[in-house]
Amino acid sequence: MGASSLFALLLAWIIFSGSVLAGETRELTLAGYSVPKEAYERTIIPAFQRQWKQRTGQEVRVRSSYGASGAQARAIIGGFDADVAVLSLEGDLDQITKAGLITHDWRTGPHKGMVSASVVALGVRKGNPKGIKGWEDLARPGVEVLYPNPKTSGGAMWDVVAIYGAGLKLAEQQAGAGKKPSPESAEAFATSLLKRIQKNVKVMDKSGRESVTTFERGVGDVIVTYENELLPRIKSHRPYELIVPQETVWIENPAALIDKHVDRHHVRDIAEAFVAFLHSEEAQAAFTELGFRPIGQAAGQPSAGAALPLPTKLFTIADLGGWETISTKLFGPRGAWTSTVEDLARGK
Amino acid sequence: MTTHTLLQLALRSAAVGYVALLILFPLVAIAHQSFVGGIDHFIQDISTPQASSALILTLESAFITTVINAIFGTLSAIVLVRYEFPGRWFLNALVDLPFAIPTLVTGLMIAAIYGPTTILGTWLQQGGVSVLYDKPGIVLAMLFVTMPFTIRSLQPVLMELERDQEEAAFSLGASPWTTFWKVTVPSVLPGLLTGVFLTFVRALGEFGSIVIVAGNIPMKTQVASVYVYGEIESYNPQGATSVSVFILLISFLVLVLLERLTRPPGERMPPWLRWPKRPLSMIRPSEIG
């Protein structure tokens, strides 16, 4: 390296650190789950940077990391000092809250702190050779089903919740018009549907992404996953088809700023603006582009460009009693899913 | 103190410090974590239906892997040491490769061969044999990652073994089988045992490749390491560490046993680990055919 280039480098460094000192370039650290990475990197972050520059004249550098939702939550609890967390499950944000890092009530924001939405859907092979239409078809003998393990994948928790909730809806349907089945019989039917489908599950991968990889390797007839995992792939001509069952669950993914970290980094203003920006039309359009549904669609607010029809018997986590109730009911030590896998292994 | 003893002391504490820092302290930390809730909690954690069946499946698969690896590893080592053939150098270089490949990639490789769309996979499926996403897949993954152990621990002892001992037995009239069993095997036993035990211990902890090639269905095709991962992911670190510590305890016992079996009788060891003095085994005249 010549003396002149060394000098140039030194000069650049001085200018750079000067601009940092002058408060012109500021930094925001984002911890996200991996699925919406493309939307953030390609559209949302650059758009936010432009908007912030326009509003304040400051440059924002966004350092982002993506990974499994639960792993990100654990990293943050363990010391990863992200300013904003964008995760797939409310429960993961709750864990960060429990660790004392989020001190505000993140659920009070617009859409209760949720920034992206989707539904649980089914992917089948091109031409739908097994004639899959709804959940009952997944329970037919000879149909191989894929979804990841709910112990390791937030996506799989949504999948199992969708099956169980669909079972409750189907029980109503079976009871006949106008009649309501007793809660016990509806739950019994939902558990039996879950068990009959779980019996056909061939592989339980670590994550939703891996499950899709396994499906693309040729394993299984049906994959249960987020609609937004399937849509972009089908758009890019992968040989499978999307089926949205009429009974399925509305998925919402939360985002929140992490109080302890934003205060230490003095970036509360940016972090608040960033979370608010995620609700903007521009950010929502970026999510939709990636196969997500516009947030608030379930609440009946028609959004621009909402081309995806809503399933007729859509239900939400709140309809099932909230995450706390449903995760004990399904995934607790005596939960429906837990006892289902244990019973199946014992040949019951 | 002379400089010599000072140097000795420094070297010793460096060795002890290195092992303690890298292995002992983390081990103590994780053991502490799993016993925080008391021994009852530990037993409860490892005896839940899902944990205990994952442990049983792991031990079972590791055992099968060890037996297969011992047989074919020994054969491969003998062939690689004793027989000159074209391409031997290449095969020899290939043996260590499983150590270098990230185990996740190992899993992908196995899936790429036995997957349902491949020739082999289709053929197996037609025959009604399930390898991938079933128990044979687990053993296959364990075999792949542990393959070098037996071969690499046997090779040096086989090379050192003087051919003339075998030739002497042979010329005294021992059959090839007796020679192999009474001369070759005892001489290479420490190497073989090292390979076998390391295989077993390494197979117990394998995660990366198994998580890809096994079905991971609880109580059916889920091994202990995958179970541990699941418990960590679902915010149950206590349950995860208990199962890990159980696996570690078994590994440690196996390694202590190995230490006892392979150390020469003169080694300074705690009394419970010491060999009773005994004469070297001899070929009895009756065994000479």
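Because the structure is a prediction, the values reported are computed rather than measured.

A. Spotlight on unusual backbone geometry. Residues and elements named next belong to chain A. One non-glycine residue, N128, lies in positive phi territory at about 45°. On the secondary structure map, N128 appears in the loop between β4 (114-125) and α5 (135-138). Residue N128 is classed as buried on the basis of its relative accessible area of 18%. In the Ramachandran plot, H237 falls in the positive-phi region, its phi being about 65° despite a non-glycine side chain. On the secondary structure map, H237 appears in the loop between α9 (227-235) and β8 (240-243).

B. Region of interest: the nonpolar core. Membership of the largest hydrophobic core comes to 59 residues, with the highest contact counts inside it found for I138, L158, I210 and V243 of chain B. Sorting elements by how many residues they give to this core places helix α3 (residues 49-82) of chain B first, with 10 residues. Setting aside residues no more than four positions away along its own chain, L158 of chain B makes contact with A77, I78, V81, R82 and V188 of chain B. In terms of nonpolar packing, the next biggest core, distinct from the first, is built from 46 residues, V124, A171 and F189 of chain A together with I217 of chain B among them.

C. Representation of the pairing of strand β1 (residues 25-33) of chain A. Residue and element names in this part refer to chain A. By the criterion of burial, β1 is predominantly enclosed, with eight of the nine residues buried. Summarising the sheet, β1 and strand β2 (residues 59-67) pair through nine bridges and their orientation is parallel. From the neighbouring strand, Y33 faces β2, where its bridge partner is G67. The handedness of the β1 to β2 crossover, carried by helix α2 (residues 37-56), is right-handed. Across three bridges, β1 lies against strand β3 (residues 84-86) in parallel orientation. Paired with L30 across the two strands is V84, which belongs to β3.

Criteria and thresholds
Residues numbered from 1 in each chain as written. Chains lettered and ligands numbered in written order. Predicted model: local features only at pLDDT ≥ 70, side-chain atom pairs only at ≥ 80, totals over all residues. Heavy atoms only, no water. Helix = DSSP H or I, 4+ residues; strand = E, 2+ residues; numbered from the N terminus. Buried < 20%, exposed > 50% of the residue type's maximum accessible area, 1.4 Å probe, protein only. Core = buried A, V, L, I, M, F, W, Y, C linked by side-chain atoms within 4.5 Å. Contact = heavy atoms within 4.5 Å. Pairing = 2+ DSSP bridges. Right-handed = clockwise from strand over helix to strand, strands pointing away.

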